[in-house]
Amino acid sequence: MSYRAPWASDPARSKGRLQEEQNGSVRGPRDAFQRDRDRIIHSISFRRLRHKTQVFMAPDGDHFRVRLTHSLEVAQIGRTIARTLALNEDLTEALCLAHDIGHPPFGHAGEDALKAALMPSVEDGGQGGFDHNGHTLRTLMTIERPYPLWNGLNLTWETLEGLAKHNGPVRHPGWALAAADAEFPLALTSFSSLEAQVAAIADDIAYDNHDIDDGLRAGLLTLDQMLAVPLVARGWDDVRRRFPDVAPKRLVGELVRTQIGTMVNDLIAETRRRIAASGVTSVDDVRAAGQCLVGFSPEMRDAERDLKRFMYANLYHHPRQLAAADAAHGIVSGLFAVYRDDPATIPEEWRERLPAAEPDRSRHIADFIAGMTDRYAVSRYRELVGPIDLPEGF
């Protein structure tokens, strides 16, 4: 086993699993976090990410990223960072692979539709809203059912804790995350492990850069537009100096790789500085540090925020993307209304477990819809509601 820092997560010291497991199968040499990673990879929910939106909805192009390929790219970046910082690579990889499992079809457009369908205020008769991060925990702890004696994948506390609060402490959890915490307390108000912090920022690095590639490929962005972003302009100047005789269109991939490398190197240097300054000597110290120890330098943080602002203005809120999002919202809302009003339309496996009373009844319907792929949602809408004229972007 390679060296791990004293503040790295140790599978031998895991807080364990919710359900005690019997040694009824051959487990081999895998440790607890390696088994978590493998359970995630083999889950139905992970496989469905192949047909769930990353940026472009139900993309026809074979080369556009989807939630599955994005998750794999996040895992690659996360493992590299974890290895360099002497953290636990397997826990980092498990968190990276699972972080998007709770996303419904059509990405944030689908999430917005489910939020509206599950009216936020329970006191006023609503069902508590919908949050993809809370739904990740709900999926892995309740909805997945590959084992005969319990629901969920029975992941370790460290994996569930990292997924619950990889973006920082959670002071006001939504109902799904609160339910997960009530069943298996996850210390939501403290900071997470360094592995979870790495997974969160590896996600940012991946989509910051790979969405540029997809946006250029789709023709929604141009290179001239991108060069207005200082971080991109610096990367492009570096690439052109190294490859002065290569056509610009062949250098986009090199630009993306250069930016990822620049951001990763900055992150590693700044994280080492923060760890040293904090004086942490254990995982418990990391959780009690009162701050996130994994992060960019102030200069890179500002540059990355500038890039995000550009991407929201020019890609994520592009008129074509907004039209696709409106259509997606209508599909998810329409399906929820049909299933709520006519439970006979719900497939038998889900209908036989449909609760009789609210809010559980609507939450169960939302669980079913959230697990759909983009193309299955479109197919079911056409079958149950009627034709839909999909805009360019689907």
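First, a word on what this report is: a plain description of the structure on this page. Model, not experiment: these values are computed from the prediction.

Some remarks on the environment of Glu254
Mapping Glu254 onto the fold places it in helix H12 (residues 252-278). On the accessibility criterion, Glu254 (18% relative accessible area) is buried. A C-alpha to C-alpha distance of 9.7 Å links Glu254 and Phe243, two positions eleven residues apart in sequence. If we skip the residues at most four places from it in the chain, Glu254 touches Val239, Arg242 and Phe243. Within the structure, the side chain of Glu254 is placed 3.1 Å from the side chain of Arg242, a separation counted as a polar contact.

What to know about the packing of helix H6 (residues 132-143) against helix H8 (residues 175-183)
Contact pair H6 / H8: the axes reach a minimum separation of 7 Å and the direction vectors enclose 45°. When the interaxial angle is binned, H6 and H8 end up oblique. Both H6 and H8 take part in a crossing whose hand is left-handed. For the pair H6 and H8, the contacting residues are Gly134, His135, Leu137, Arg138 and Met141 in the first and Trp175, Ala176, Leu177, Ala180 and Glu183 in the second. Partitioning the contact of H6 with H8 into residue classes produces six nonpolar, two polar and two charged.

Focus on the state of the cysteines
One way to say it: the disulfide is the covalent bond shared by the sulfur atoms of two cysteines. Inspection of the entire model under this criterion finds zero disulfides. Sulfur of Cys96: no disulfide; nearest cysteine sulfur belongs to Cys292 and is 14 Å away. We classify Cys96 as buried; its relative accessible area is 0%. By relative accessible area, Cys292 is classed as partly exposed at 32%.

Describing the layout of surface pockets
Over the atoms rolls a probe the size of a water molecule, and its path tells where empty space is left. Taken as a whole, the largest pocket encloses approximately 1,100 Å³ of empty space. Contributing to the lining of the largest pocket are 43 residues, with His108, Asp204, Tyr207, Lys308 and Tyr312 lying nearest its centre. For the lining of the largest pocket, the secondary structure elements donating two or more residues are helix H3 (67-84), helix H5 (107-117), H6, helix H9 (194-218), helix H14 (298-316) and helix H15 (319-341). A total of seven residues in the lining of the largest pocket trace back to one element, the largest contributor, which is H9. In terms of residue class, the lining of the largest pocket is built from 15 nonpolar, 17 polar and eleven charged. Roughly 730 Å³ of volume is contained in the second largest pocket. Arg48, Ile143, Glu144, Trp350 and Arg353 are the residues nearest the centre of the second largest pocket, which is lined by 34 residues in total. Residue assignment for the lining of the second largest pocket shows that the elements contributing at least two residues are helix H2 (44-48), H6, helix H16 (348-351) and helix H17 (360-370).

Digging into H5
Taken residue by residue, H5 has Gly107, Ala109, Gly110, Glu111, Ala113 and Leu114 as its buried positions. Buried residues along H5 sit in contact with H3, H6, H15 and H17.

Structural notes on the packing of H6 against helix H7 (residues 157-165)
Geometry of a packed helix pair, given as the angle between the helix axes and the separation of the axes. Running from N to C, H6 and H7 point in directions that differ by 155°, and their axes come no closer than 8 Å. Of the possible angle classes, the one that applies to H6 and H7 is roughly antiparallel. Residues Asn133, Thr136, Leu137, Leu140 and Met141 of H6 touch H7, and the partners they reach there are Leu160, Leu163 and Ala164. Residue composition of the contact of H6 with H7, by class: six nonpolar, two polar and no charged.

Rules used in this analysis
- Residues numbered from 1 in each chain as written.
- Predicted model: local features only at pLDDT ≥ 70, side-chain atom pairs only at ≥ 80, totals over all residues.
- Heavy atoms only, no water.
- Helix = DSSP H or I, 4+ residues; strand = E, 2+ residues; numbered from the N terminus.
- Buried < 20%, exposed > 50% of the residue type's maximum accessible area, 1.4 Å probe, protein only.
- Contact = heavy atoms within 4.5 Å.
- Polar contact = N/O pair within 3.5 Å; in protein donor to acceptor, adjacent residues only side chain to side chain.
- Axes fitted to C-alpha atoms, helices over the stretch in contact; angles between N-to-C directions.
- Parallel < 35°, antiparallel > 145°, perpendicular 65-115°, else oblique.
- Left-handed = near helix turned anticlockwise from the far one by under 90°.
- Nonpolar A, V, L, I, M, F, W, Y, C, P; charged D, E, K, R; others polar.
- Disulfide = S-S within 2.5 Å.
- 1 Å grid on protein atoms, 1.4 Å probe; cavity = no way out; pocket = protein on both sides within 12 Å on 5 of 7 lines; lining within 4 Å.
- Points joined across faces, edges and corners; volume = space filled by probe spheres on them.

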